[in-house]
Every structure is written in structure tokens, then in C-alpha cells.
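# Overview (structure and organization)
The primary structure of each chain is shown beneath.
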Amino acid sequence: MGTATVMLCFTLKKEKFDSEEAHELYQSIPSICFEGTAELQTVCDCGNQGDKVITATSDDGSHVVIHLYHFAYLTVDITYVVDNVNCLKPLSQPFKSQFIKELEVSIATFLKEIIEESKCLSCPIRRAPGITWNYGYTGDERLLETDYEEIVFETQSKWQNIKIARSREFGNVLLLDDDIMLGESDLVYTESLLGIGKNVFKDKQILILGGGDGGILHELLKQSPAFVLMAEIDEEVIKACSKHMKAVCGDTLKKLEGDNYKIKICDCIQELKVAVESGTRYDYVINDLTEFSVDKEKYGFGYQFETSCATLELSLRVLQPGGKYLARGNCLSASNYTQQFEKDVRALGHNFTRTDVHVPSFKETYCLYEVQKH
């Protein structure tokens, strides 16, 4: 069992919305919302500005909450109890967009003398213990719904929750702490981050920070680098992607070491510090980390470096002169994040180029950066 919540709203005519006749109509709205009997539960004042709240229930436990606002605005939120969770899948009956739009028309017609405008969310909010949680949010915190059909893998590692969900449109998708990291559809992300066709990796020494899905390493090895070291803190991510994200990593993650690469299970910040102390230098450092450190207790968000970003500063210090730092940024909508990163680069006296690319499974445009060391 589960629930489908339908959300409607109506702008009312100011000269009519607060009449006695109008209030009688509001209390009759529940009878339109349910096929069975609608039982009025409460009619009460809300706040001190004249708002009203009306609640009602149906025979099967479904309920409606009607809120009349003093600025001539009416919201109707109906939560239907659903016996069969298959009825909560996108495009399933009965809660398709046609059902919701017809309901909107029915309520608007019923209130026609006092309605100025009506709106509805043309798909329900679906909740149930037996379905995959399909909601996420954009970089600027707007709700989005995915099309995940099932969770094909999930575990809680020492560092984070790891999920791989199957999307009808994007193939398998890796999520860390419920944030989308990469889908099998997202080769454009990997190629854009690397600057394939623009950057030369043949015979180069390369360090990957993170990259547990294996996509960066897999594509780099096609370019015949001299050596690639991948520093990934969470071995469980590697294991999961090796089995369930083959369209991204192929067989690259099956072995932790090859002729010209090594996957080291370690804290990449410590690996960078070791490189600084030992004088190890790279032609490319590629930052494929999550936006925020998984080791929050250790690093928090206030680093003791010239800028707020330890990864950036340490990476620039281990580059050869003329070497490049390639980094994932964040969604274009996450303007605070991108502004801070760009400020940090300038604080260190460097310029950058930014590539904005739409990443399919993110459903957003993503910012990718290239910083060349003087």
C-alpha cells in the first residue's frame, strides 16, 4: 500500500471569496474529490489573519486538506490511499495527468462564480514502502522526479550510503548519499571533464582524486598514459560499480593494479600531502570527488589553507609547470558553489576555463573546470 498526493490551487475573486455562500462551497469540495463518502472532519480558523482550514476523509482513509488564505487563494491537497503499489508507477492508472486535470476542472466548475484562475501539479507525489524513492532536487533545491524502476544494489559503507538504481531512460545510475554521481548514459560528462580531443594524455603521469565509478580511469587508459594513480577512499563504491556499472567502467575495476595504472584505497587528501612532501609531480590531476568530503568529521568545511578548498590548493602544488587540474564543479544552478570555486582559483593567482555540459542523468547542466599551472 501507499499514497498518491494531488496538489491543486485556485486564485479566487477578491470580492466574492469570503462570502457565506463561498464558505459553504469550500466545505463541499471533498465530495468532488472522492468516489465514496466524504466525511467532513474539521473547519477551523488558522492564524490571526482570517485563514481557514477544512479537512475531510473518505471511507478508505484518503483525506483532503483545504486551506483558504485571506489573500483570496485556495489550496486543495488530496492524499489517496492506494492498495496496489503498481498504481503508483508513472503512467499508471488511475493517477495519471488526465485524472488530475479532470479533477481540477471539476472543482473549478463547482466554484465557477468565485474562481479567477486554477492550477494543478499534473502528477501525484508518490509515497510507499514498496516503491523506489524517486525524488531528488536540483543544485538550487528544486524538486525533480526520476524514473528509477528498482534499486539493483545498496549498501552502507564506512563512508556513505551507496545505491545503484535502474533508470528506464539512463541505465544504471550511481547515487552516493542519494546524490546522483553518474549514469550509464553520461559519457558526455567523462569526456568533457577530461577534455577528450583537446588534452593529450599519452605518456603522461596522472592522478585521479576519487573516481570510484571507474569512468575516468577507463577512458584515460584508452589514451595510453605513462601511469595513472587513482586515489579512492571507498572500496565499496569500486566493487559496486565493477559489477553494476559496466557500461561506464568496462572491466577496468576488476583489478586494482595494471601495467600502467594503480587503484589505491586511500584518502586522496593524504595522498596529495605525500606527493607534496616527496616531490612527486603529475602532468594532470583530475578531481572526480563528490562536492563535499565524505570524511566530514576529519575535514569539515573549514580548511587551514590559503583558500577554503584544500583539494584545489594541494592539487596545484603537485602539478608539473604547465600541468593541468581538471575538476568537476557542481550544477550550474548551484551558483554559490561555482562562485566560491572560481574565487578560490583566482585567489591562488590562476585562471580557468569552464565547460558547461548537460549531463543526462543529472537532468541539469554541469560545470567542469580546467586550471593550468603557470
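Please refer to the structure placed before this passage.
Worth saying up front: this structure is predicted, and the values here are computed from it rather than measured. (Residues numbered from 1 in each chain as written. Predicted model: local features only at pLDDT ≥ 70, side-chain atom pairs only at ≥ 80, totals over all residues. Heavy atoms only, no water.)

### Focus: unusual backbone geometry
A cis geometry characterises the amide bond from Gln93 onward to Pro94, with omega recorded as 0°. Its place among the elements puts Pro94 in the loop between β5 (73-82) and α3 (97-110). At Asp178, a position not held by glycine, the phi torsion is positive, near 70°. Mapped onto the secondary structure, Asp178 falls in the loop between β12 (171-176) and β13 (179-183). Given a relative accessible area of 47%, Asp178 falls into the partly exposed group. Of note in this structure, Lys363 is not a glycine but carries a positive phi near 60°. By the element assignment, Lys363 lies in the loop between β20 (352-359) and β21 (364-372). With a relative accessible area of 36%, Lys363 lands in the partly exposed category. (Helix = DSSP H or I, 4+ residues; strand = E, 2+ residues; numbered from the N terminus. Buried < 20%, exposed > 50% of the residue type's maximum accessible area, 1.4 Å probe, protein only.)

### Here's the deal with the sheet that holds β13
One open sheet accounts for 4 strands, arranged β10-β11-β12-β13; its pairing is antiparallel. If you trace the sheet from one side to the other, it starts and ends with β10 (148-156) and β13, each paired once. The sheet shows a mean angle of 25° between the axes of neighbouring strands, taken without regard to direction. Where strand β11 (residues 161-167) and β12 come together, 6 bridges link them in antiparallel fashion. (Pairing = 2+ DSSP bridges. Axes fitted to C-alpha atoms, helices over the stretch in contact; angles between N-to-C directions.)

### As for the nonpolar core
Core analysis: the largest hydrophobic core is formed by 42 residues, its most contacted members being Leu174, Leu220 and Ile286. In this structure Leu220 touches Leu194, Phe201, Ile206, Ile208, Pro225, Val228 and Ile286, once residues within four positions along its chain are discounted. If you look at the next biggest cluster of nonpolar residues, it comprises 32 residues, including Val6, Tyr26, Tyr80 and Leu111. (Core = buried A, V, L, I, M, F, W, Y, C linked by side-chain atoms within 4.5 Å. Contact = heavy atoms within 4.5 Å.)

### Structural notes on the packing of aromatic side chains
Using the criterion set out here, one finds 13 aromatic pairs in the structure. Aromatic side chains Phe71 and Tyr73 sit 6.1 Å apart centroid to centroid with 25° between the ring planes, which places their arrangement in the stacked category. (Phe/Tyr/Trp six-rings, centres within 6.5 Å; stacked < 30°, edge-to-face > 60°.)

### Here we look at the side chain of Thr75
Looking at the secondary structure, you find Thr75 in strand β5. For Thr75, a relative accessible area of 15% gives the class buried. Residues within four places of Thr75 in sequence aside, it is in contact with Leu8, Cys9, Val65, Ile66, His67 and Tyr69.

### Description of the side chain of Thr146
Considering the arrangement of structural elements, one finds Thr146 in the loop between β9 (143-145) and β10. Not counting the four nearest positions on each side in its chain, Thr146 is found in contact with Asn134 and Lys363.

### Regarding the state of the cysteines
Counted under the stated rule, the structure contains 0 disulfides. Between Cys249, a free cysteine, and Cys241, which holds the nearest cysteine sulfur, the sulfur-to-sulfur gap is 6.4 Å. Its relative accessible area of 0% is what places Cys249 among the buried residues. This cysteine, Cys367, is not joined by any disulfide, and Cys331 carries the nearest cysteine sulfur, 7.9 Å off. (Disulfide = S-S within 2.5 Å.)

### What about the environment of Asp45?
Tracing the chain through its elements places Asp45 in strand β2 (residues 38-46). Taking the relative accessible area as the measure of exposure, Asp45 reaches 56% and is therefore exposed. Taking the C-alpha atoms as reference points, Asp45 and His67, separated by 22 residues in sequence, lie 9.9 Å from one another. If sequence neighbours within four positions are ignored, Asp45 has contacts with Asp51 and Lys52. In terms of polar contacts, Asp45 uses its side chain to reach the side chain of Lys52, at 2.4 Å. (Polar contact = N/O pair within 3.5 Å; in protein donor to acceptor, adjacent residues only side chain to side chain.)

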